[in-house]
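Close look at the chain arrangement
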2 protein chains.
Amino acid sequence: MGLAAAIANGDARAASRLLSWIEDGDRRAAAELKELYRLPAPSSVLGLTGPPGAGKSTIADALVGRYRARGERVGVLAVDPSSPISGGAVLGDRIRMQRHATDGGVFIRSMASRSWPGGLSRAAADAVRVLAAHGCRTVIVETVGTGQGEVDVTRIADTVVLVCTPAAGDKIQAIKAGVLEIADIVALNKDDLPDADVAARSIETAFRMRPPGGWRVPLVRTRARDGEGIGGLASAIERHGRFIAGGGILGRKRLANAAHHLRSIVRERLLEKIAARLPDDREMERRAARLLDGSIDPYSLAEEIIESL
Amino acid sequence: MGLAAAIANGDARAASRLLSWIEDGDRRAAAELKELYRLPAPSSVLGLTGPPGAGKSTIADALVGRYRARGERVGVLAVDPSSPISGGAVLGDRIRMQRHATDGGVFIRSMASRSWPGGLSRAAADAVRVLAAHGCRTVIVETVGTGQGEVDVTRIADTVVLVCTPAAGDKIQAIKAGVLEIADIVALNKDDLPDADVAARSIETAFRMRPPGGWRVPLVRTRARDGEGIGGLASAIERHGRFIAGGGILGRKRLANAAHHLRSIVRERLLEKIAARLPDDREMERRAARLLDGSIDPYSLAEEIIESL
């Protein structure tokens, strides 16, 4: 039995192996994914984004508990393009989520990657489908990214929850352009910290400037470590799910995201073809020797190389 | 007079404008860079890397003070691919470096980018040459990157200083594989924090495992905010500079980096050519419609599109 069939059959190890192939850019992944993409997408893909330390994992953990209480299988994907020295939250996520580690109905996976962020977004979208094939109705994707050199969670999720805290930095960052457009729901976590009321007001003011009509972004105050506010957050998520299911919004969103994913695959494949045709490292160094004495500049030399291909 | 000539003539505004073009991916940059790359490279490119909050900017600030005391013009490039919500240090850098903001002999520039990290590495390498043309003998490049989805500072700098603190997380991260290979010098900053001795020992143990022969990575303890240890750090940097200048190490390093930079430019140019040939968003969505009902998978569809190009 191939991996795809085994995954659809409920084999968690097969799912793990395919996720590793996806993460490593292993060429064997594509054949399995071709099969998996014939299976239904997850009912709901929930994105959790926000600065490191805001409590995304704690919130994911609390939401997982709620879905499990309803008997649903749920997947969590923590995507982080961080390097070892920039302090990614991946290890922490794994530790914090241990509460569900022995629950067969919860599939938790951290993903990091050496590939460029475009590739990581593509990989995360593929990973969501692996979890769906494994029977996860809901997949939670947790990431610090907003698409600027990182993973664009809006390209993967149906509903995006921005998790922030009353900390001054978070507040300023949250209000910055770019973040306003991606959040469907704002969770103000750690709301027992000082200045929570001030933070809540400034966030509400910022979101009030969004164009009228359509979805009004709710602010939910949470204290995820104590489970406070999680019920309210889950309700807001369900309300948003109903909102996008009506009027064809979800369909249009998924079509746009499918097109984006398709474009990423085409780009990556073409890049691979290009890379195969470029001079190897030794030859590139031989050519680059002319750069060191200033006898030619790299832009002119690059043009020479491209013409010679 | 073109920007390149103006920059070589000491015009700081011209340098700023070209840096903005580089940052924005403005097509006019290439013509100016073609001229600038005929001018000499900087004598020394120093990379400062480490987790956010470790004190990279404070150390850069202190080192700038030393170079200025010798009357040398110095450039600082703070490169950060962070998104608005992951909490980049760019704004903080600008604020902390204000001490030198009115000194015409110091050129400070923050660079962020929406482009993918490969593009940002290429842009940072170009920016270094702009500062060199502007008369900066030494250019300090400050980044959280190690090349995993970020900017690879080893591809730009002659000497890489890893800045870390006794904080537990930093220690663990610093010892992780990948970081060991890139550091030429380790600065243990904020060494008045608890556990500094423990951190110093664990770092020294980790670096002792590097293959014998060649450069022995020194650990310098600093308290950059008070200027403590900066003299020792500057000496270590100079010692490393003499080490690589001997035996042709610097030449080989710069050749490898020039080849890497050249490859980045070729790749980017080819990618642009590809992007121009791909179906536009509307057409891509039209094709992607077949994905939503599972009648085809995105990998097979991508192959169809590539064959049709």
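Attention in this report is confined to the structure presented alongside it. (Residues numbered from 1 in each chain as written. Chains lettered and ligands numbered in written order. Predicted model: local features only at pLDDT ≥ 70, side-chain atom pairs only at ≥ 80, totals over all residues. Heavy atoms only, no water.)

Side note on the packing of helix α12 (residues 281–292) of chain A against helix α13 (residues 298–308) of chain A
Residue and element names in this part refer to chain A. Orientation of α12 relative to α13, taken along the N-to-C sense of each, is 145°, at an axis distance of 10 Å. Along this stretch, α12 crosses α13, giving a crossing that reads as right-handed. Along its contact with α12, which presents Met284, Arg287, Ala288, Arg290 and Leu291, the element α13 presents Pro298, Leu301, Glu304, Ile305 and Ser308. Across the contact of α12 with α13, the residue classes break down as six nonpolar, one polar and three charged. (Axes fitted to C-alpha atoms, helices over the stretch in contact; angles between N-to-C directions. Helix = DSSP H or I, 4+ residues; strand = E, 2+ residues; numbered from the N terminus. Left-handed = near helix turned anticlockwise from the far one by under 90°. Contact = heavy atoms within 4.5 Å. Nonpolar A, V, L, I, M, F, W, Y, C, P; charged D, E, K, R; others polar.)

A few points about the packing of aromatic side chains
Residues and elements named next belong to chain A. Taken as a whole and assessed by the stated rule, the structure comprises two aromatic pairs over all chains. Between Trp215 and Phe243, the ring centres sit 5.2 Å apart and the planes meet at 40°, which makes this aromatic pair tilted. Taken as a pair, Trp215 in the loop between α9 (196–208) and β7 (219–221) and Phe243 in helix α10 (residues 230–245) lie far apart in primary sequence, 28 residues in all. In this structure Trp215 comes out as buried when scored by relative accessible area, which is 16%. The exposure class assigned to Phe243 is partly exposed, which follows from its relative accessible area of 30%. (Phe/Tyr/Trp six-rings, centres within 6.5 Å; stacked < 30°, edge-to-face > 60°. Buried < 20%, exposed > 50% of the residue type's maximum accessible area, 1.4 Å probe, protein only.)

Some words on the environment of Leu46(B)
All names here are of chain B. Within the fold, Leu46 resides in strand β1 (residues 44–49). By relative accessible area, Leu46 is classed as buried at 1%. Placed 117 residues apart in sequence, Leu46 and Val163 show a C-alpha to C-alpha distance of 12 Å. Ignoring anything within four residues of it in the chain, the contact list for Leu46 reads Leu63, Tyr67, Val139, Ile140, Val141, Ala157, Thr159, Val161 and Ile237.

Digging into the side chain of Asn189(A)
All names here are of chain A. Counting through the fold element by element, Asn189 comes out in the loop between β6 (185–188) and α9. Within polar-contact distance, the side chain of Asn189 engages the backbone oxygen of Ala54 at 3.0 Å. Look past the residues within four positions of Asn189 in its chain and what remains in contact with it is Ala54, Gly55, Ile59, Val163, Cys164, Thr165, Pro166, Thr222, Arg223 and Ala224. (Polar contact = N/O pair within 3.5 Å; in protein donor to acceptor, adjacent residues only side chain to side chain.)

Some points on helix α9 (residues 196–208) of chain B
Residues and elements named next belong to chain B. Look at α9: 18 Å from first C-alpha to last across 13 residues, which is about the 18 Å you get at 1.5 Å a residue. Within α9, burial applies to Ala196, Ala199, Ala200, Ile203, Ala206 and Phe207. The arc enclosing the buried residues of α9, seen along the axis, measures out at 130°, which places them on a common side. Seen from the open side of α9, the exposed residues pointing more than 90 degrees away from its buried face are Arg201 and Arg208. (Expected span 1.5 Å × (residues − 1). Arc of directions from axis to C-beta.)

What to know about the pairing of strand β4 (residues 138–143) of chain A
Residue and element names in this part refer to chain A. For β4, the buried fraction is high: six of the six residues fall into the buried class. Residue alternation in β4 divides its side chains into two sets, Thr138, Ile140 and Glu142 and Val139, Val141 and Thr143, and both sets are buried. The pairing of strand β2 (residues 74–79) with β4 spans six bridges and is parallel. What sits directly across from Gly75, in β4, is Val139. (Pairing = 2+ DSSP bridges.)

A closer look at the pattern of salt bridges
Residues and elements named next belong to chain A. A complete count under the given rule lists 40 salt bridges over all chains for this structure. One salt bridge connects Glu23 with Arg109, and the closest N-O pair in it is separated by 3.1 Å. Note that Glu23 is positioned in helix α2 (residues 12–24) and Arg109 in strand β3 (residues 106–111), a separation of 86 residues in sequence. On the accessibility criterion, Arg109 (11% relative accessible area) is buried. Taken together, the shared-partner salt bridges connect Arg70, Glu72, Arg137 and Glu238 into one network. (Salt bridge = Lys/Arg side-chain N within 4 Å of Asp/Glu carboxyl O.)

Focus on α12(A)
Each α-helix turn comprises 3.6 residues. Residues three or four places apart therefore point the same way. Taking 1.5 Å of rise per residue, 12 residues should cover 16 Å, and α12(A) covers 16 Å from first to last C-alpha, within 8% of that figure. Every buried residue belonging to α12(A) is among Met284(A), Ala288(A) and Leu291(A), and all of these are buried. Along the long axis of α12(A), the arc covered by the buried residues comes to 30°, so they all point the same way. More than 90 degrees from the buried face of α12(A), the exposed residues found are Arg282(A) and Arg286(A). On the buried face of α12(A), the contacting elements are α13 of chain A together with α11 (249–277) of chain B. Downstream of α12(A) by one or two residues, Gly294(A) has phi in the positive range, about 75°.

With respect to the sheet that holds strand β4 (residues 138–143) of chain B
All names here are of chain B. In spatial order, the strands read β3-β2-β4-β1-β5-β6-β7; together these seven strands make up an open sheet with parallel pairing. In this open sheet, the two edge strands, each paired with only one partner strand, are β3 (106–111) and β7 (219–221). Between one strand and the next, the sheet's axes are offset by a mean angle of 20°, whatever the strand orientation. Strand direction decides the pairing type here: β1 and β4, joined by six bridges, are parallel. Pairing of Gly47 across the sheet is with Val141, part of β4.

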